[in-house]
Amino acid sequence: MGIVVRNTPRTDLEIVDALGKLGVATVHEAQGRTGLLASYMRPIFRPARIAGNALTCETSPGDNWMIHVAVEQSKPGDILVVSPSSPCDDGDFGDLLATSLIAHGVRGLVIDAGVRDIADLTEMNFPVWSKAVFAQGTIKETVGNVQIPFVAAGAYVRPGDVIVADDDGVVCVRREDAADVLKKAQAREANEGDKRAKLASGVLGLDLYSMRERLAEKGLKYVDYQG
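A few points on the structure. (Residues numbered from 1 in each chain as written. Predicted model: local features only at pLDDT ≥ 70, side-chain atom pairs only at ≥ 80, totals over all residues. Heavy atoms only, no water.)

**Some remarks on a nonpolar patch on the surface**
Among the surface-exposed residues, Leu 199, Tyr 209, Met 211, Leu 215, Leu 220 and Tyr 222 lie close enough to one another that they form a single nonpolar patch of about 570 Å² accessible area. With respect to the helices, strands and loops of the structure, Leu 220 is situated in the segment after α8 (212–217). Given the relative accessible area of 43%, Leu 220 is considered partly exposed. (Patch = residues over 30% accessible without salt bridge, like charges linked within 9 Å, V, L, I, M, F, W, Y side chains within 5 Å. Areas by Shrake-Rupley, 256 points an atom, 1.4 Å probe, with all protein chains shown as cover. Salt bridge = Lys/Arg side-chain N within 4 Å of Asp/Glu carboxyl O. Helix = DSSP H or I, 4+ residues; strand = E, 2+ residues; numbered from the N terminus. Buried < 20%, exposed > 50% of the residue type's maximum accessible area, 1.4 Å probe, protein only.)

This is how it looks when you write it as C-alpha cells:
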C-alpha cells in the first residue's frame, strides 16, 4: 500500500530563493554543520545552483512509477527528491520526466539513484543531482509514497523543507528553521566578505584568526634551516 499526502506545507519562496543565493556550504555551516546529503550526490553538469521546496518521492528499486505520481503533486518552486526504499543505481529518470516537471514549474531533481539522458538534460538546462549515471531501464509495477518524510542519501527530508543544491552538493533545511537559518547564513556571508578583503590584502590567516597562540599551545615550533 502506498500513500500520497496532498496539500502539504511549503516554505515561502522568498526565503527559499534567498537561501539558494547563499549556497550549500554557507547554509550548512549556518545551521550548525547539519543537513548535508551524502557526498556521492553530484550534479550531472556544472555550474548548477538551485533551491526549492522538497517534493518527496519514495520508489521501489528499479521502478519509477511513483515519480509520475509525484509530478501531479508538484507546485512551482519545488525540487523533486527521490529515494528508493533500498539501494539502487538504475536509471529512474530521463528527459521525458524532466519535460513533465519543467511544465509544472519544478526547478530540479535530487535522486539517490541513477539518471540517464544526461546530454539531453544538460541541453535542457534541467539541474539534477544523482547517485549514479546509469542507462539501466526501470519498470512501473510497485506503488510507493509521495510527500512523506523519509531519508534521502543519509539526510532526513520532509515535504516543504528547503533543498539547496550547487556544485558543492545538497543540503536540507527544516522549513520551521528556514527563516532563522537564512539570517545566520546572511551574517556569515557578510563576515566572510570582510575576511576575504583582508586576506586579499595580504593578511595571513594565522593572524586574522589569531591562530599563533593556539598552535604554540599544541606544541608547534619553528626552527631555522641549518645548512
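Moving on, there is more to tell.
**Considering the pairing of strand β11 (residues 162–166)**
Counting buried residues along β11, 5 of its 5 residues qualify, which places the element largely inside the surrounding structure. The alternating pattern of β11 places Val 162, Val 164 and Asp 166 on one face and Ile 163 and Ala 165 on the opposite face, and all of these are buried. Where strand β3 (residues 50–59) meets β11, 4 bridges bridge the pair, whose relative direction is antiparallel. Each residue of the ladder has a partner; that of Ile 50, found in β11, is Ala 165. Two elements, β11 and strand β12 (residues 169–173), share 5 bridges in a ladder whose sense is antiparallel. When the bridges of β12 are listed, Val 162 appears paired with Val 173. Here β11 folds back onto β12 in antiparallel fashion, the turn holding 2 residues. (Pairing = 2+ DSSP bridges.)

**Digging into the layout of surface pockets**
Each pocket or cavity is described by its volume, and for the largest pocket that value is around 170 Å³. Together, 13 residues line the largest pocket, and Asn 64, Asp 92, Gly 94, Leu 97 and Arg 116 are the ones closest to its centre. Contributing elements (two or more residues each) for the lining of the largest pocket: β5 (91–93) and α4 (95–103). Split by residue class, the lining of the largest pocket holds 3 nonpolar, 5 polar and 5 charged. (1 Å grid on protein atoms, 1.4 Å probe; cavity = no way out; pocket = protein on both sides within 12 Å on 5 of 7 lines; lining within 4 Å. Points joined across faces, edges and corners; volume = space filled by probe spheres on them. Nonpolar A, V, L, I, M, F, W, Y, C, P; charged D, E, K, R; others polar.)

**A few points about the packing of aromatic side chains**
Per the stated rule, a full pass over the model turns up 1 aromatic pair. When the ring of Phe 93 is compared with that of Phe 126, the centres are 5.9 Å apart and the planes differ by 20°; the resulting orientation is stacked. With a gap of 33 residues between them, Phe 93 in strand β5 and Phe 126 in the loop between α5 (118–123) and β7 (128–133) connect regions that are remote in the sequence. The residues Phe 93 and Phe 126 share a single accessibility class, namely buried. Sitting over the face of the ring of Tyr 40, Lys 131 holds its NZ or CZ atom 5.8 Å from the ring centroid. (Phe/Tyr/Trp six-rings, centres within 6.5 Å; stacked < 30°, edge-to-face > 60°. Lys NZ or Arg CZ within 6 Å of the ring centre and 35° of its normal.)

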